[in-house]
Every structure is written in C-alpha cells, then in structure tokens.
Amino acid sequence: MQKPGILTCKKHAEFSGIQKPSPKTDKSAGWESMLKGLENDKKIFDLDDKSELPRLISFYSYKGGVGRTLALVQTAYLLAKKGKNVLMLDLDIEAPSLHDIFSDKINLDKGIVDYLYEQEFSGDKTEIELDNIVSSIKVDETLEGNLYTIPAGVLSAEYIYKLTQLKPKFLSQKEYLSVLLKKVKEKLDIDLVLIDSRTGINDWGAFSILDMADEVFFFAYPNEENFNGTKVIVDLLKNLQLKKFTIIFSRVESDGGLDYAQQLFDDLELEQEFLSIIYNPRLALIKEFPNEKYLDEYQEIADFILERDQIEINEFYISNYVNKNEILEKLLNKINNDFYITEAEKKLMQDRYNYIIADSKVIENRFSKLTENFRRISPLEMENGSNLVGFVKNKLAFIEDENFLSSNHFEDLTDILSYFYYIILVTVNNSGFKTNFSTRQFDEEEYYNKKEEFLELNFEQRIQKFKDLVFVEKESDSILYLKENREGINEVERDINLVINLDVFANNLTEAQIKLLNSAVEFIKEHLPKIKVKIVLARDFYDDNSELFTDLLELYQLEWKKDDLKKLIIDYLFSISDQIKDYLNVINDANDRASFIEKLAEYKRKEEDKIDDLEHDGRFVNNGVKIKTNNLLNLFWGIRIKPEIYLKKVIDYFYDQLEVKGLMNPIAIADILKKAINFEIENNLANKESFISKDSLMEVIEKN
C-alpha cells in the first residue's frame, strides 16, 4: 500500500495540469556568476530596479549555530522600537526557525516555500495571497513601528516535497519575490526586510545574499571552520565589490575570546572596524523572543542600519533649507571670538586645588581668560546661617612676575608672605575683580616699603594684617544686599584668589625655591582659609621635578577627556541653533527622509519662529522635546568616515587623532575646526551630507 506524503504530493502536481513556465532571461547573481566575474576580472552589478522595494538586508553565516537568527529577531525589534515597520523573512528554508520562534503568534499554515511553489507551478491559478503568509508579531504595544514575519512554512512531508521542487537558481531569474515584496511594502508600509539566509555555499544562500539583498551582515563564530568558509566568501565579495557587507563575530567568549576573534578579524584584511556579540549563556534558557532584557548586544547593529536614514535626512535638509556657507561663517566667527570653559577647567577652579599642571601652550593661551571666570561673588548669610541676605565681591590676582621667587628678593618664608601681602593690598585697592601682575608692573620701591612694614610685625600681627584685607566693611560697595535690614550681619569676609603662573620662569627655579613655595602655600592653607593660592606649572617641568612637590598640597592635572571636548564642540554648534531651529524641532520625531519632510512641512506651516530653553546635557530640551546632541554632531560633520562601511565614527576618529598627535586640548580643537571650516568654504565643497565634509576634517588633521 502506498504511503501518503511525498509521492502523493508529487502525483498531485503531475495530474493537476500544472505547467512550469519558461524561465525569464534576467541574469542572476549566484555563486556561478560570481566565479565567472572573478575569472573575467570584472564587477557584477545588480541591474534590477529596486526603487519600489523595501530595503533588503540579509543575515548570513557560513555555518549554523552562530546566533544569526537570534540577532535578526532582536535587531528587528530594536528597529521597530525606533518606528520602523520591519518584515522578517525566513529563507533558511532547509532549517527554518521563525515559525517555531513565533509559534504562539503565527496562526497561518503557509509560508514563503508554499508561495514560491504555487507561483512556479500553478500558473494563473494561484490561491496564496499576502494575508495567507504574513503574520503580525504583537510583542509590545508601545512599539512605535510594527513587526511582521513571513516564515518558511510548516515543516511536513508536503513542505519537504515542495522544497525539493524549487530551484533557487531559476527562481532568481523570475520576479516572484519582487512582486511579493512590492505588495508587502504597499499594503504594510514596510521599511526594512531582514532575511534569515541559508547557511553555507549553496544556491539558496546565493539567492538571499547575492540576488536579493541590498546589504549583508555576515555572522561568524571565532574558530577555524567558520573563519575559513567566511574568508572565502568575503574575499569573493571584496574582489568583485559586489555588496555592502559587514562582518560580525558572534557568540564570542568574554574570557580571552575577544582577542582571538580580533585576531581572526584582522586576518580578513577588511576596511571595517571590529564588531562582535559577546556570548551570553542565559540566552539558551530564554523561550520567548524578541526579549527586552538582552537587547544591548544588538543595539550597534540596529544603529548602523538606521544611520542611512540620518544621512538621507541631513542631505535633504542641507540641500533644500539652509545656506551652508552662511552657517559655517557664523560658526567660524563664534569660534574666533567666544571663550568656552570646559568641564575639566571648571574643576580646576575648585578651592581644594593648590597646584595646576597643564601644557605650556594651554597656560599661555587660556589661563589669563580662565581667571576671569573664577567665582566673582560669594553668598552672604546671617550670622546663624539661616538666611541669604546678599553677596560679597571677591578679588583675584593673576601673577606672571619673574621677580617672584628671585634670589635677590626671596630667601625665606617671610619674604614670600610679604610679597603676597603686597600683591593682595594692591588687588584689594583695585576697583575691579581681577588685577594682573607682570614683571613690568612690579613696583620694586613700593614693594620694599610694604615689606619693611610687614617685617616689623610679630606673627599674630602679620596674620591680622592679612585678615584685615579679607575683611569687608558692612557699608562697603563690595557688598550687594538683597534687603535693607542688615541686623544679624557681623564680620563680612571675601575670597581672595592668588593665581601664580610659574611657567614664565619655572625652568630657573631651584629645589630650595620650590620647597619654600610649598611651605608658604601650606602656611596660608592653615592660617588664612579665605586666601586661595593656585600655582600653575607646565607639565614638562612638573614631570621632571614631581618629587619636589609635597603630598600635603592638592594637585590637579588638567587633562581633557572625550566628553569634555564633545561638550566644547556642542557649545560651538549651539551658536548656530537659531539657523537650524526647524531641524532641531523636527529631527527627534522623524525616523526617515519621508517622515522628516512631512514633519518639517508641518512645522513650517505652524511658523514656530523661536526655540525656548535650549540646553545641552547630552541633548537639547525644546518645550519638553528632547533632541539628542548626536543628531547635531552628525549634521555638522557626518556619522562615519565612510558611511557605507562600519568604520569609526567621525567623532571617534577625531578624538583618536587628537590623542595620537598630542592635541587633546581646546586650543587645538578650535584651531582644527577653524581650518576645516575655512577649507570647506574656500574650496566650495559640494558635500551635502554634513556641513563639514570628512575630507575637510581629515585634510586638516593630517597636516597638524
């Protein structure tokens, strides 16, 4: 007795009058054509018109078990969270997974294999429509976008028979999937199709990664078998320049596995940066996907996919809505004329630090201006500290006097204290906040007169002399009262800052002079807390003499981190916010070029002509709308060195170059930005993806 199943299905095909249509003459891009292209030393180009199709991205691996399907599902979910409508298409038809992963969410018994079989063998008598194979995956009601899947089908004898009858090499010459995906895009407004590809070197794998996909993510486990197969395919694609592809090492062991994966990746000799997914054994216990708890590992993939939308938005905006050169000229003027204080520099102003270590060029170009931003006023409270009644004006002396610590003036602690007394006396009598003391401003005769007066005093009297200079009369113009009633206010004291730039003569200092200076600073810290002494030293000098500086004094090495410099650049860009206020208001709610155009037109209609309360603590805040500063940086200089390749982001490249060249400071940043802006303007570069092209930035950095 004949068993039902494959033979039954075969007879059904034979006796139902099915006639296989003649194949179309369109060329396919399979493994065979790849090898011919390599043999003939020519590129293969996909000539199909895909303008009406969604963006097609294939997830491929040479071998199975590398976490490819899991990565696809998690990435699809992340994209849907960003407002994308995503279709997951299972073309791993010989070992399908999506139907099982979403078994509780799929109520259909047909899939892509059933659809292709019917298209190939049923002629015009097709019964399978879109609704028969597409399932909506309801995961999270808060998703901004939507998730859909077309599974391979339900695994059965009939499924296996249909699969054996389908020849991907011939299917690729026809338009079955193109027609289907056009319908999917029209009906469901699909933005992205993520294709779970067949593993290995076979026709189904070639069909999904060579014929269908716009771009490919290659997943590989870091071992020899995976690597060797991946390298063969990658070398083919590199030589033929056939596809945009990105290599991802997956299931990498965190303990030592990263180094080995990096080594294998380097052997591939790719232009892209290393990208990996760390193995998490807990994933093996998870039964429901996508899973919110384990998204971080896949965020980088989703972000990279989304970058193309940002590029298209910026290109449209710069091309149609702004005068690029006018904005660059305003930014250039801002950098030339404004002085921004970085977070690192704000820290050095804290009272606790006595020694500030910085590069000589930074000291020369920034410290005089930095001193103008020290705390100018201090709060004045009632004697019991219960109520704020006003503010008292502080004083600052910036000393660049080569006479200071010179051997003919300073022999002991009393000499230094008498010099400080003279400086403070002049500063207090000056009506302004800051008094500059240079060598030519040193009045030797006046100094000696004050020194003689000071030396005649005993210890307690000298301390009192200093306190008298700190003390402020209640009726003095140096006090700003908030109310008329001044009862309960007794002594009022102000802060007096002495900032001494030793860089102007540090190389002539002796060990004895440095020790003498240390003792003077320690003395003032102990007896005169309202007098703040800060001594600025060049880094080279300090490195050569660090053993001379006492541990009793607080030292701060002025160094800039990436976040400090990012905030500085944002401060510069903030100056052009008025010119791009429409962009700032719209970009946060737009997830592609089309939605940006729509929302921008809506904004223009409302004629909202001002932005209120713009701040930036990693984002702009505009009437309750948070706008990420990364969007502004991307508009300024783009996202990656080469957008189509997973290379360093421009901002990371910029930082790395600054570190390599020893330019990690605000002066170098301002100089590079000014030169890059001038280069862009003078050469009238046509770049529309950002205000500053990556070529301009790289040109300037390479010459520094």
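Scope of this entry: the structure provided in the associated data block. Throughout, a residue's number is its position along its own chain's written sequence, starting from 1. Where totals are concerned, whole chains, interfaces and linings use all residues; where local detail is concerned, this predicted model gives features only for residues with pLDDT of at least 70, and gives and counts side-chain atom pairs only at 80 or more. The side-chain figures draw on all heavy atoms in the structure; neither hydrogens nor water molecules are used.

## Some details on helix α20 (residues 511-527)
- The end-to-end C-alpha distance of α20 is 25 Å, a good match for the 24 Å that 17 residues give at a rise of 1.5 Å each.
- A simple rule labels every residue: compare its accessible area, found with a 1.4 Å probe on the protein chains alone, to the largest value its type can have, and call it buried under 20%, exposed over 50%, or partly exposed in between. Put simply, DSSP H or I for four residues or longer makes a helix, DSSP E for two residues or longer makes a strand, and each gets a number counted from the N terminus. Along α20, the positions that sit buried rather than exposed are Q513, I514, L516, L517, N518, A520, V521, F523 and I524.
- Note on definitions: a residue-residue contact is assigned when non-hydrogen atoms from the two residues lie within 4.5 Å. Considering only its buried residues, α20 is in contact with β9 (355-358), α17 (413-429), α19 (459-470), β18 (531-538) and α21 (539-545). By this rule the span expected of a helix is its residue count minus one, scaled by 1.5 Å.

## Overview of the environment of E52
- The topology assignment puts E52 in the loop between α2 (31-39) and β1 (55-61).
- In the structure, E52 is positioned 131 residues away from K183 in sequence and 9.6 Å away in space, judged by C-alpha atoms.
- Filtering out sequence-adjacent residues up to four positions away, E52 remains in contact with K182 and K185.

## Section: the sheet that holds strand β15 (residues 479-481)
- Here a strand pair is declared whenever DSSP counts at least two bridges between the two strands. With antiparallel pairing, three strands are arranged side by side in an open sheet as β10-β11-β15. Because the sheet does not close on itself, it has two edges, and the strands there are β10 (377-381) and β15. Averaged over all pairs of adjacent strands, the angle between their axes in this sheet comes to 30°, without regard to strand direction.
- Bridge count for strand β11 (residues 388-393) against β15 is three bridges, and the pairing is antiparallel. The partner of G390 across the bridge, within β15, is Y481. Only C-alpha atoms enter the line fits that serve as axes; for helices the fit covers just the stretch in contact. Angles between N-to-C directions range over 0 to 180 degrees.

## A look at the packing of aromatic side chains
- Here a Phe, Tyr or Trp ring, Trp counted by its six-membered ring, pairs with any other such ring whose centre lies within 6.5 Å, and the pair is stacked when the planes are under 30 degrees apart, edge-to-face when over 60, and tilted otherwise. Taken as a whole and assessed by the stated rule, the structure comprises 34 aromatic pairs.
- Relative to Y321, the ring of F316 has its centre 5.9 Å away and its plane inclined at 55°; by these criteria the two rings are tilted.
- In this structure F316 comes out as buried when scored by relative accessible area, which is 12%.
- Y321 gets classed as partly exposed once you look at its relative accessible area, which sits at 35%.
- Taken together, F404, F410, Y419, F420, Y422, Y447 and Y448 form an aromatic cluster joined through their ring pairs.

## Some points on helix α16 (residues 360-371)
- With 12 residues, α16 ought to run about 16 Å at 1.5 Å a step, and its terminal C-alpha atoms sit 16 Å apart, in line with that.
- Residues of α16 that are buried include every one of V362, I363, R366, F367, L370 and T371, and no others. Seen end-on, α16 carries its buried residues on one side only, within an arc spanning 125°. Those residues of α16 that are exposed and angled more than 90 degrees off the buried face are K361 and E364. In this description, one arc is meant: the one made by directions from the helix axis to the C-beta atoms.

## Describing the side chain of N280
- Note on placement: N280 falls in the loop between β8 (276-278) and α13 (296-320).
- In protein, a polar contact means a hydrogen-donor-capable atom and an acceptor-capable atom, both N or O and within 3.5 Å, with residues adjacent in sequence counting only if both atoms are side-chain atoms; elsewhere, any N or O pair within 3.5 Å suffices. For N280, the side chain forms a polar contact with the main-chain nitrogen of R282, separated by 3.0 Å.
- N280 has contacts with Y294 and E297, leaving out every residue within four places of it along the chain.

## Here we look at a negative patch on the surface
- Judged by side-chain charge, E224, E225, D266, D267 and E269 come together as a negatively charged surface patch.
- Taken together, the elements giving at least two residues each to the negative patch come down to α11 (224-240) and α12 (257-267). Patch definition: residues above 30% relative accessible area lacking any salt bridge, with like charges linked at up to 9 Å and the nonpolar side chains Val, Leu, Ile, Met, Phe, Trp and Tyr linked at up to 5 Å. Only the protein chains shown count as cover for residues, with accessible areas throughout obtained via the Shrake-Rupley method and a probe of 1.4 Å. We define a salt bridge as a side-chain nitrogen of Lys or Arg found within 4 Å of a carboxyl oxygen belonging to Asp or Glu. Only four residue types enter the tally: Lys and Arg on the positive side, Asp and Glu on the negative side, with His and both chain ends excluded. We put the charge of a Lys on NZ, of an Arg on CZ, of an Asp on CG and of a Glu on CD.

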